[in-house]
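# Commentary on secondary and tertiary structure
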Amino acid sequence: MAAMSGGVDSSVATAILTERGYEVVGSMLRFWPDDKPTGAFDLCCSPDAAYDARRIADGLDVPFYLLDFRDTFQEIVIDPFVPTYEAGSTPNPCVWCNRHIKFGAFVARAQALGCEFMATGHFVRRVDGAHGPELHRGLDDDKDQTYFLWALPRGILRYLLFPLGDLTKAQVRAMAAERSMRTAQKKSSSGLCFVPTTVKAYLDEATRAKPGRILDASDGYAVVGEHRGVVYYTIGQKKGLGLYKSHLERYVVDLLAETNEVVVGTREMCRWRALEAGRRNFLTDDEHVPQRVEAQVRYRQKPEPATLTLLAGDAFRLEFDDPQFAVAKGQSAVIYSGDRLLGGGVITARSA
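Model, not experiment: these values are computed from the prediction.

Helices and strands together make up the secondary structure of the protein chain, namely seven helices and 17 strands. What you see for the protein chain is a C-alpha radius of gyration of 22 Å, in line with the 20 Å of a compact globule of 352 residues. In terms of its C-alpha atoms, the protein chain occupies a principal-axis envelope of roughly 70 × 50 × 35 Å. Residues classed as buried in the protein chain amount to 50% of the 352 residues present. Contacts in the protein chain between residues far apart in sequence, at least 24 positions, make up 65% of those at least 6 positions apart. Summed over its atoms, the accessible surface of the protein chain is roughly 16,400 Å², and 47% of this surface lies on carbon and sulfur atoms. Each charge class in the protein chain can be summarised by its mean position, and for the 43 positive and 45 negative side chains these summaries are 3 Å apart.

A separate point is the nonpolar core. Ranked by size, the top nonpolar core spans 83 residues in total, and within it Phe73, Leu135, Leu160, Phe194, Leu275 and Leu318 carry the most contacts. When residues in this core are grouped by element, the largest group, nine residues, is from helix H5 (residues 93-112). Ala50, Ala53, Ile56 and Val62 belong to the second-largest nonpolar core, a separate cluster that totals 28 residues.

In this section: the packing of aromatic side chains. Using the criterion set out here, one finds 14 aromatic pairs in the structure. Plain terms: the ring middles of Phe31 and Phe73 are 4.2 Å apart, the flat faces sit at 15 degrees to each other, and that makes the pair stacked. Residue Phe31 is located in the loop between strand S2 (26-30) and helix H2 (47-59), and its partner Phe73 is located in helix H3 (residues 70-78); the two are separated by 42 residues in the primary sequence. Of the two residues, Phe31 and Phe73, neither departs from the other in class, the shared state being buried. Judged by centre distance (5.3 Å) and plane angle (80 degrees), the ring pair of Phe81 and Tyr85 falls under edge-to-face. Residue Phe81 and its partner Tyr85 are located together in helix H4 (residues 81-86), separated by four residues, close to a single helical turn. No difference in accessibility class separates Phe81 from Tyr85, as the two residues are buried.

Okay, the sheet that holds strand S10 (residues 251-256) next. Sheet strands line up and pair through hydrogen bonds in the backbone, either parallel or antiparallel. Reading across from one edge, S9-S8-S11-S10 is the order of the four strands in this open sheet, with mixed pairing throughout. Edge positions in the open sheet fall to strand S9 (222-227) and S10, since each of these has one partner strand only. Adjacent strand axes in the sheet meet at a mean angle of 30 degrees, parallel and antiparallel pairs treated alike. Strand direction decides the pairing type here: strand S8 (residues 212-216) and strand S11 (residues 261-265), joined by three bridges, are parallel. Pairing of Ile214 across the sheet is with Val262, part of S11.

So, how was this worked out
- Each chain has its residues counted from 1, following the order in which its sequence is written.
- The predicted origin of the model limits local features to residues at a pLDDT of at least 70 and limits the giving and counting of side-chain atom pairs to 80 or more, whereas totals for whole chains, interfaces and linings rest on all residues.
- Based on all heavy atoms of the structure, the side-chain values leave hydrogens and waters out of the count.
- Secondary structure elements follow DSSP: runs of H or I no shorter than four residues count as helices, runs of E no shorter than two count as strands, and numbering proceeds from the N terminus.
- Every radius of gyration here is taken over C-alpha atoms, with the globule rule written as 2.2 Å times N^0.38, N being the number of residues.
- Partly exposed describes any residue whose relative accessible area lies between the buried limit of under 20% and the exposed limit of over 50%, with all areas from a 1.4 Å probe on protein chains only and scaled to the type maximum.
- Pairs of residues are marked as contacts when any of their non-hydrogen atoms sit within 4.5 Å.
- A 1.4 Å probe and the Shrake-Rupley method give the accessible areas. Residues count as covered only by the protein chains that appear here.
- For the charge count, each Lys or Arg is scored as positive and each Asp or Glu as negative, with His and the chain ends excluded.
- Lys charges are placed at NZ, Arg charges at CZ, Asp charges at CG and Glu charges at CD.
- Among buried residues, the Ala, Val, Leu, Ile, Met, Phe, Trp, Tyr and Cys ones that are joined through side-chain atoms within 4.5 Å form a nonpolar core.
- The criterion for an aromatic pair is that two Phe, Tyr or Trp rings (for Trp, the six-membered ring) have centres within 6.5 Å, with stacked assigned to planes under 30 degrees apart, edge-to-face to planes over 60 apart and tilted to the rest.
- Any two strands are treated as partners once DSSP identifies two or more bridges connecting them.
- Here the axes come from fitting lines to C-alpha atoms, over the contacting stretch only for helices, and the angles between their N-to-C directions go from 0 to 180 degrees.

This is the structure in structure tokens:
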């Protein structure tokens with residue numbers, strides 16, 4: 001089963017599979033509601049995208065099915081989004097969509113239909129290692145998507161194929177053009193598919209945020225401004241703070257949802273050497289995870305050397321060689337060994 005989104009990546013991935021001799025079934029997940037807001041789901045999940053996916057499947061002589069996952073998407077992805085912001089954390093909904101829906105439920109559906117593998121257009125490499133299948137970064141560093149796959153159930157790795165893992169985005173577009181695909185120059189999707197315009201506008205509609213105090217941690221927690229709602233601020237934010245002393249260079253260093261306060265400080269105060277994370281998920285046995293690893297706390301970040309310590313339950317601690325900027329609770333701490341994705345967790349605490 002090939003997961004098709006109506007974009008160029010999944011179109012080429014499906015074509016590659018057919019050309020390699022696989023018997024392919026194309027499928028797309030339906031997330032959009034009947035009363036889809038204007039602008040939402042426009043690129044990767046819309047009815048228009050489904051039309052494109054179906055036309056590509058027809059051109060490849062591949063059966064195509066639209067699978068309804070609206071209720072699951074609402075429960076797993078949309079419902080927790082705003083409450084996470086309201087609690088002073090920063091959600092990472094794509095991680096859980098991948099774990100529970102785009103891969104977890106999709107693999108189960110593929111198996112139910114008698115398929116031996118599920119394939120996607122992600123820029124990820126599957127490598128068969130000494131202890132089983134491994135996930136490695138895609139060849140195109142700019143498009144690598146392993147950061148969002150750390151929470152995948154380990155048991156499904158042997159069912160996954162990633163035809164684009166050894167290609168660059170430019171090569172994928174060229175292959176689509178060579179095959180006269182309608183998606184060859186289609187704009188790539190970005191951001192959150194269920195957010196019509198911006199996260200700020202989405203929160204405007206979904207929350208009743210209250211103004212509160214901005215405190216300066218570098219000045220005895222003096223009041224230096226007023227915020228318009230904790231949900232609108234992120235760790236590391238510098239612009240748009242509206243401080244009373246306009247000359248101050250300050251960054252958001254903490255969000256206190258329980259007291260409705262935003263804490264700012266110097267750039268140095270927005271750097272943390274250590275973090276703790278929960279909801280741990282490793283893609284190999286614990287004993288095969290080294291103490292010395294590389295880790296990312298944001299998608300667009302170079303992996304940084306760190307020491308890993310397993311804690312009780314599903315928690316772990318990372319101590320970085322160098323302090324990391326803007327470590328946000330709720331975001332993912334993702335662990336690598338070289339190009340190999342080892343797993344990750346959700347950041348719950350930070351320390352200097």
